[in-house]
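# Observations on the three-dimensional arrangement
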Amino acid sequence: MIKNGHHAASNRSEEAGSGKTVDSMCSPEKRKRVVRLWCDGCYDMVHYGHSNQLRQAKALGDYLIVGVHTDAEISKHKGPPVFTQEERYKMVRAIKWVDEIVEGAPYVTTLETLDKYSCDFCVHGDDITLTVDGKDTYAEVKRAGRYRECKRTQGVSTTDLVGRMLLMTKAHHSNLDNTDYQQHTDNFGKGATVHSPWTGVSQFLQTSQKIIQFASGKEPQPGDTIIYVAGAFDLFHIGHVDFLEMVYKQAERAYVIVGLHFDQEVNRYKGKNYPIMNIHERTLSVLACRYVSEVVIGAPYAVGKDLLDHFKVDLVCHGKTEVFPDKDGSDPYAEPKKRGIFRSVDSGNNLTTDDIVQRIIANRLQFEARNQKKEAKEMAAIEAMKRREKEQQDEAAAQPVHS
């Protein structure tokens, strides 16, 4: 059981990749005013790595604006996005550290954009982002000293998630030494010919610190309506966001608790080698959503008396997706129905995790080409950086030594 909400002030100054904290970056005079920050990106297939980047960015200031690129811009520079721009705008808006989003943000980040939105700094992860012609999209703001860096989240990338869906193997969340999975990741990120540190696949390792960073101990207050929902919430997507937003709107002061089922339970009722994301990954994804107050990790499948009484649940909601029976064939929602506190909620969005997998499979060749193109650009940039570094070293060595 962990609680969600805005992270505590004690976390405000941690984990800036540049090594600079709020205290060291801003003078006392400057800290009297609001520090505005800019992040931008594709935010396609938003995962907890994106959320963690935005969490770190928000820790560097007070007000976070996120620019999201259009489908046309992404297609030009990277290849086809999985989600439409409208879906991506809504996903980013639902991340709790985001204060405002800018739709159709330019792909190259300029000082003009920062000034237009009165932003002090641009914040990005410590991977390379390149234009279609191989140039660093943050070169201008870096030169002006208005760029800050945060750490990339190890163990997750859109490339890896696409790879998991194309392979659809149970091994992705239990055994990364599996031969089939390893062969697949060779094609998608870490093969003998691939050396980019950003495109590779690595195993996500959960820590208590990461959960604490994503959650804060907000207890339900008197007058709150405690609403419970349960499910897999696998590959957290816009269908989940629309459902949780609708659940949140069921009461004037909603305190939404999400029960997440263990991987084995999800595999039992979903089959087809689900879940794509393991329980630890799904926990962070759901915690990052602004409509969620608390998460129960490994919630029982049947919403029984003990759970309802323990959390003092006022309302239990379920979407329009199929309710699978429990192992003994019983209705997992029998108890809340008996109490008259069960409600079926229609979010108006029928998107499922299955639908996303189908999108990926339908465009398999395009995504494989996109990943290979991204890798080639990254490697070219790394080689260019190495050459520039060597030239600088050679120049320094050639300088005469003055006694």
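Small disclaimer: the values here were computed from a predicted structure and weren't measured. (Residues numbered from 1 in each chain as written. Predicted model: local features only at pLDDT ≥ 70, side-chain atom pairs only at ≥ 80, totals over all residues. Heavy atoms only, no water.)

Of regular secondary structure, the protein chain possesses 16 helices and 11 strands. For the protein chain, the proportion of its 403 residues judged to be buried stands at 53%. By sequence separation, contacts in the protein chain at least 24 residues apart represent 79% of the contacts at least 6 residues apart. Just so you have it, the protein chain exposes about 18,700 Å², and 50% of that area is on carbon and sulfur atoms. (Helix = DSSP H or I, 4+ residues; strand = E, 2+ residues; numbered from the N terminus. Buried < 20%, exposed > 50% of the residue type's maximum accessible area, 1.4 Å probe, protein only. Contact = heavy atoms within 4.5 Å. Areas by Shrake-Rupley, 256 points an atom, 1.4 Å probe, with all protein chains shown as cover.)

Turning to the pattern of salt bridges, a few remarks are in order. In total, this model carries 20 salt bridges according to the counting rule given. Where Glu103 meets Arg93, a salt bridge forms, and the shortest distance between an N and an O atom there is 2.8 Å. Of the two residues, Glu103 sits in strand S4 (residues 100–103) while Arg93 sits in helix H4 (residues 85–93), which places them 10 residues apart along the sequence. One salt-bridge network, in which partners are shared between bridges, spans Lys305, Asp309, Glu335, Lys338 and Arg339. (Salt bridge = Lys/Arg side-chain N within 4 Å of Asp/Glu carboxyl O.)

It is worth spelling out the packing of H4 against helix H10 (residues 238–248) at this point. At their nearest, the axes of H4 and H10 sit 10 Å apart, and the two run at 50° to each other. With respect to their mutual orientation, H4 and H10 come out oblique. The two elements H4 and H10 meet at a crossing, and its hand is left-handed. From H4, Glu87, Lys90 and Met91 reach across to H10, where they touch Ile238, Val241, Asp242 and Glu245. (Axes fitted to C-alpha atoms, helices over the stretch in contact; angles between N-to-C directions. Parallel < 35°, antiparallel > 145°, perpendicular 65-115°, else oblique. Left-handed = near helix turned anticlockwise from the far one by under 90°.)

As for its placement among the helices and strands, His237 is situated in the loop between strand S7 (225–231) and H10. On the basis of relative accessible area, His237 is assigned to the buried category, the value being 2%. A distance of 3.4 Å separates a polar side-chain atom of His237 from the backbone nitrogen of Thr353. Not counting residues up to four positions away in its chain, the partners in contact with His237 are Phe83, Met91, Leu351, Thr352, Thr353 and Ile356. (Polar contact = N/O pair within 3.5 Å; in protein donor to acceptor, adjacent residues only side chain to side chain.)

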